[in-house]
Every structure is written in C-alpha cells, then in structure tokens.
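# What the coordinates show
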Amino acid sequence: MSAIVYLNGTYLPKDEAWISPEDRGFLFSDGIYEVARAYGGTFFALDAHLERMERGLSALSIEGVAASDMAEVCHELLVRNGFAGKDAMVYLQVTRGVAPRTHFFPDPCVPPTVFAMVGSVKARWDPRHGVAVITAPDQRWARCDLKSISLLPNCLAAQAAREKNVAEALLVRDGVVMEGTHTSFFGVFGGEVRTAPASNYILPSITRQVVLDLCVEHGISHRTDPIFVQDLARADELFLAGTTMEVMPIVQVDGRPVGNGTPGPTAQRLLHLFRALAA
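As the structure is a computational prediction, the values presented were derived from the model and not from experiment.

Judged by how many residues are buried, strand β10 (residues 184–189) sits mostly within the fold: six of six residues are covered. Here β10 pairs with strand β13 (residues 237–242) via five bridges, running antiparallel. For S184, the partnering residue across the bridge sits in β13 and is A241. As judged from the four bridges shared by β10 and strand β11 (residues 192–195), these two strands associate in the antiparallel manner. Bridging across to β11, G187 finds its partner in R194. Between β10 and β11, which pair antiparallel and follow one another directly, the connecting turn spans two residues, one of which, G190, has a positive phi of 60 degrees.

Written out as structure tokens, the structure reads:
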C-alpha cells in the first residue's frame, strides 16, 4: 500500500501525487522545507520548526500559506500512515508554485505548492560509538540561515563523506568550521562547549538551540564563538546535533582521533538530557 502524503490541501497515496514540471521548486529550487521528529507519536519542538519555516517563507516572499497551519497536517499524516504512538519523521516543503519559467517572481502571484510526507526514523549511526567525519569547503550561498531546498553544495559534501564511509562533512568557511551538511557542530575546549555564533552563514538549528538551552539549565559552561579548523586537534570533544542525529559524538576528523578517540562525557551527558526532554 502506498504511503499517504499531503499535497495542496489533499491527502492521497504518494504514487498518485503529481507536481507540474513548471513548479518553481523543480526549476529554481525556489522553496523552503522543514524536517520534524515525533517521539512516541508526539512531535518535538514542532512549533519552533514551523516558526522557522514561517520566517523562511517571509524572507523569500512566498505568500498564500501559513506554516502554522501545517501542524494539523503533521498530526494527520501520523495517523493516516500508522505512526500514531510511534517514532516518525515528517518532511514539509513549500515552493512558490507553478508558473511559466522566468527568473523573476510570477506576477500576479500563483498558489504555492505545499507538500508533506511522513516516514520512519532510521538511525544509521550509534552515539555509543560516535562517528567519523571529514572537513570540506563551504561552497553554499550567503543565506544559510534560510532552510532552502537549494542543497546542491550540501549534497556534494555529503557525497564526499559517504565515499569516505563517514557520517558527515564539516563545512569550513574562511578557516572556521560552520556546521555540517545537515547538522550543527559543537566543540568542547577546556570543559567549555562552543559553537559558531548565529549568523547568515549557519542555519538557526532547532536542536542547536535546545543544546544551548540545556547547557544553561544544567550549568554546563558554554559560549558561541568561532571554532577554527586548526583548533580541532586540541578539542577535548567534538559533536554534532540535529533532528535526525540528536546529539552525536565525533570520534575522528579527517582520519585523526578526537581526544582519546571515544565519545566524550559532555556529549554523552547532553544526549541523555536531550532524550529525557524529548521523551
């Protein structure tokens, strides 16, 4: 049986969902997306994800849809696909819509294309063992704070990581490690958690903010400050954070061990606190 998806106000089998080849998401990557996670059928930080989507839609001047209206869709997809009471991931995407191909926006505006689907959570990496990563040049555009569907540079770096059989690529811009292709990045130096400051060059990750909030709540020393690639070798710990990864210790970068090459205590503590919060 085909999974049930949501497309432009209708729930239908995925193999019956049809999107025009003139959709601007297909032609120009002209759209915004979100990924949210449900634990036991309850979404974690869904409001924060939808608020970020709303900011992205506003920044791109995509009109005709309110991200907040997608909460009901997310819950309905869980039920219709048999994920009520189960762990799941929901993918949401809004594009500017269908119009003849021109670089400027359609005038008058056309209805946006709104799509959502849900699937199971597939954990590929085990935080008890940690992961290896590589570094790669950050070739993305200058509005990384928008969760745009234009992800080709991320895909190229992620493919490079896959070819090395590692979990992620850390994106380096002007000598600073910004984030991963689909994760936030943290280091621990002298017992202090550090991550790159919020700017247009990183995504305002929901999980990143949760980790920082947990540091505040539990008295874990932390600050937002650039982490230079040459400083990685002296880090006590490194770890990733994201909707799909949760909190994931990094044990190796570019073939070199991090610390003693095993998951560090700070990352393990933050993962425990994160899971307690999400449960």
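And the narrative resumes.
Let's shift gears to the pattern of salt bridges. Applying the stated criterion across every chain, the model contains 14 salt bridges. A salt bridge links R140 to D138, with the shortest nitrogen-to-oxygen separation between them at 2.8 Å. You can call D138 buried: its relative accessible area is 11%. Between R223 and D225 there is a salt bridge, and its shortest N-O distance comes to 2.5 Å. One continuous salt-bridge network, built from bridges that share partners, spans D138, R140, R173 and E179.

This next bit is on the packing of aromatic side chains. Summed over all chains, the structure comprises five aromatic pairs. Measuring from centroid to centroid gives 4.9 Å for F186 and F239, while their planes differ by 5 degrees, and the two rings are stacked. Placement of F186 in strand β10 and of F239 in strand β13 is noted, with a sequence separation of 53 residues between them. Here the two residues F186 and F239 agree in accessibility, since each one is buried. Among the aromatic residues, those joined into a ring-pair cluster are Y39, F44 and F274. Here R80 stacks its cationic end above the ring of Y11, 4.2 Å away from the centre of that ring. The ring of F105 has R96 lying over it, and the distance from NZ or CZ to the ring centre is 3.5 Å.

Right, let's talk about helix α4 (residues 152–163) for a bit. Its twelve residues give α4 an end-to-end C-alpha distance of 16 Å, which sits within 8% of 16 Å, the value for a rise of 1.5 Å per residue. N154, A157 and A161 are the residues of α4 that are buried. Seen along its axis, α4 keeps its buried residues to an arc of 70 degrees; they face one direction. Turned more than 90 degrees from where α4 packs its buried face, L152, L156, R162 and E163 sit exposed. The secondary structure elements touched by the buried residues of α4 are β7 (131–137) and β8 (168–173). Positioned one or two residues after α4, N165 has a phi angle of 60 degrees, which is positive.

We now examine the sheet that holds strand β4 (residues 42–44). A sheet is described by the order of its strands in space; here six strands give the open sequence β2-β1-β6-β5-β3-β4, paired in antiparallel fashion. Only two strands of the sheet have a single partner each, and these edge strands are β2 (10–13) and β4. Going across the sheet, the axis of each strand differs from the next one's by a mean of 30 degrees, ignoring polarity. The pairing of strand β1 (residues 4–7) with strand β6 (residues 113–119) spans two bridges and is classified as antiparallel. The residue bridging L7 from the neighbouring strand is F115, located in β6.

This brings us to the nonpolar core. Of all hydrophobic cores here, the largest spans 28 residues; its most connected members are F43, L57, M70 and L92. For this core, the element with the highest residue contribution is helix α3 (residues 70–80), accounting for six residues. When neighbours within four sequence positions are excluded, M70 is seen to be in contact with Y6, L50, L92, V114 and A116.

Moving on: the packing of helix α5 (residues 206–217) against helix α6 (residues 265–278). For any two helices packed against each other, one specifies the inter-axial angle together with the distance between the axes. In contact at an axis separation of 10 Å, α5 and α6 are set at 105 degrees when each is read in the N-to-C sense. Taken together, the axes of α5 and α6 are roughly perpendicular relative to one another. For the pair α5 and α6, the contacting residues are T207, V210, V211, L214 and C215 in the first and L270, L273, F274 and L277 in the second. For the contact of α5 with α6, a count of residues per class yields eight nonpolar, one polar and no charged.

Conventions adopted
- Residues numbered from 1 in each chain as written.
- Predicted model: local features only at pLDDT ≥ 70, side-chain atom pairs only at ≥ 80, totals over all residues.
- Heavy atoms only, no water.
- Buried < 20%, exposed > 50% of the residue type's maximum accessible area, 1.4 Å probe, protein only.
- Helix = DSSP H or I, 4+ residues; strand = E, 2+ residues; numbered from the N terminus.
- Pairing = 2+ DSSP bridges.
- Salt bridge = Lys/Arg side-chain N within 4 Å of Asp/Glu carboxyl O.
- Phe/Tyr/Trp six-rings, centres within 6.5 Å; stacked < 30°, edge-to-face > 60°.
- Lys NZ or Arg CZ within 6 Å of the ring centre and 35° of its normal.
- Expected span 1.5 Å × (residues − 1).
- Arc of directions from axis to C-beta.
- Contact = heavy atoms within 4.5 Å.
- Axes fitted to C-alpha atoms, helices over the stretch in contact; angles between N-to-C directions.
- Core = buried A, V, L, I, M, F, W, Y, C linked by side-chain atoms within 4.5 Å.
- Parallel < 35°, antiparallel > 145°, perpendicular 65-115°, else oblique.
- Nonpolar A, V, L, I, M, F, W, Y, C, P; charged D, E, K, R; others polar.

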